[in-house]
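Structural characterization, general
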Amino acid sequence: MRILITGATGLIGTELVALLLQNGVEVHYLTTSKKKIIKEDKYHGFFWNPAQGIIDENSLLGVDVIIHLAGASIAKRWTSAYKQEIIESRIASSNTLYKALKENPNQVKQIISASGTAIYPDSATALYDELSIANQDNFLSNVVVKWEESINKFKQLDIKVCKLRTGIVLSKNGGALQEMLKPIQFGLGAAFGNGQQITSWIHIHDLAAMYFFAAKNQWEGIYNAVSPSPISNENLTKALAKQLHKALFLPNIPRFVMRLMLGEMHELLFTNKNISAQKALDNGFQFQFPTIEKALGNIIA
Ligand SMILES: NC(=O)c1ccc[n+]([C@@H]2O[C@H](COP(=O)([O-])OP(=O)(O)OC[C@H]3O[C@@H](n4cnc5c(N)ncnc54)[C@H](OP(=O)(O)O)[C@@H]3O)[C@@H](O)[C@H]2O)c1
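To start, this report covers the structure provided alongside it. The model shown is predicted, which means the values in this text are computed figures rather than measured ones.

Rules of the game
Residues numbered from 1 in each chain as written. Predicted model: local features only at pLDDT ≥ 70, side-chain atom pairs only at ≥ 80, totals over all residues. Heavy atoms only, no water. Near = heavy atom within 4 Å. Polar contact = N/O pair within 3.5 Å; in protein donor to acceptor, adjacent residues only side chain to side chain. Areas by Shrake-Rupley, 256 points an atom, 1.4 Å probe, with all protein chains shown as cover. Helix = DSSP H or I, 4+ residues; strand = E, 2+ residues; numbered from the N terminus. Nonpolar A, V, L, I, M, F, W, Y, C, P; charged D, E, K, R; others polar. Patch = residues over 30% accessible without salt bridge, like charges linked within 9 Å, V, L, I, M, F, W, Y side chains within 5 Å. Salt bridge = Lys/Arg side-chain N within 4 Å of Asp/Glu carboxyl O. Buried < 20%, exposed > 50% of the residue type's maximum accessible area, 1.4 Å probe, protein only. Contact = heavy atoms within 4.5 Å.

1. Digging into the site of the ligand
Among the 22 residues in the neighbourhood of the ligand, the closest are listed as Thr 9, Thr 31, Thr 32, Lys 36 and Arg 90. In the model, an oxygen atom of the ligand is placed 2.6 Å from a nitrogen or oxygen of the Thr 31 side chain. Within the contact set of the ligand, an oxygen atom lies 2.8 Å away from a side-chain nitrogen or oxygen of Arg 90. Compared with its free state, where it exposes 890 Å², the ligand has 79% of that area covered by protein. Every element with two or more residues in the shell around the ligand is listed here: α1 (11–22), α2 (80–103), β6 (110–116) and β9 (168–170). Residues of the shell around the ligand, tallied by class, amount to nine nonpolar, 10 polar and three charged.

2. Considering a nonpolar patch on the surface
Taken together, the side chains of Phe 186, Leu 188, Phe 249 and Leu 250 define a hydrophobic patch exposed on the protein surface, amounting to about 470 Å² of accessible area. Mapped onto the elements, Leu 250 comes out in the loop between α6 (233–244) and α7 (255–262). In this structure Leu 250 comes out as partly exposed when scored by relative accessible area, which is 34%.

3. Points about the side chain of Ser 232
Its location among the elements puts Ser 232 in strand β13 (residues 231–232). A relative accessible area of 10% means that Ser 232 is categorised as buried. Polar side-chain contacts of Ser 232 include one of 3.1 Å to the backbone nitrogen of Asn 235. Look past the residues within four positions of Ser 232 in its chain and what remains in contact with it is Gly 195, Gln 196, Gln 197 and Ile 198.

4. Looking at the side chain of Ser 115
The residue Ser 115 is located in strand β6 in this model. Beyond its immediate sequence surroundings of up to four residues, Ser 115 is in contact with Val 144, Trp 147, Glu 148, Lys 163, Leu 164, Arg 165 and Thr 166.

The structure is reproduced here in structure tokens:
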């Protein structure tokens, strides 16, 4: 099997590439950075510039599956210019891939795209599965709606479309968890708001394994890429402190403080989403790290 990955050089992509190569899968990848291009037998980089619609079409040669991860990071301050980049990087990359596939002979059977759980509305009571009504009216959910729309059109090319609505990815190499750990390491950790907001998360090994599983099993449609054990912000903060052998003694941090510090992006810390992993489980996916204890035990060991 040969898989073409966009965003292969990022947090999730790096983990996924390692897993695929270990399993004998050949990897092509598209990068916006010429200095990240490596040309090896089984790992071969190609240049693209989605903002200008530029793509090296040789990247499609012999490819069975595309895994689409590329997009500007959401972990930078959301100025209005940067918000545009967050949206446009995702739409332009989908459009550039679509045009290349439409205009070039290829054997691509499936595209699996990253998507986000931001598409589900905040709720203290709902348990969201893939049939739940998605879409709430805030910046990030609008990004995900437009991003998913840009992927749906690949069906017109007779390509199976799969979207993994991904929760917070826990990794030892970066991402949200490393930011959560910093204040706790300095004895300044505390939960946010009333701490009851639910975080739906996934260990990065499980997420990479889910992409591979989705490719091997030709998954089609939406799948939530979250562990089966969502956790409240307060319990997550306690679990992190326990793993680091640190005490938590500060009161919870009020929302307005985080709004002042982070601007609109503070919403990420207060989002409240209990998301079901049942569809992935019912379709045969097994989590190696289904609980927060197992995940943190592996990451912070
Ligand atoms: N990490 C999470 O917790 C999480 C949760 C839900 C969804 N996701 C989604 O999953 C995808 C991968 O996440 P990640 O954490 O691995 O992201 P990441 O570390 O920020 O990597 C994303 C990659 O996308 C490419 N990229 C960056 N800006 C771009 C732009 N303007 N145009 C085209 N490509 C660009 C870069 O690759 P090159 O430099 O090689 O071009 C970068 O390595 C993202 O779309 C993200 O939104 C992540």
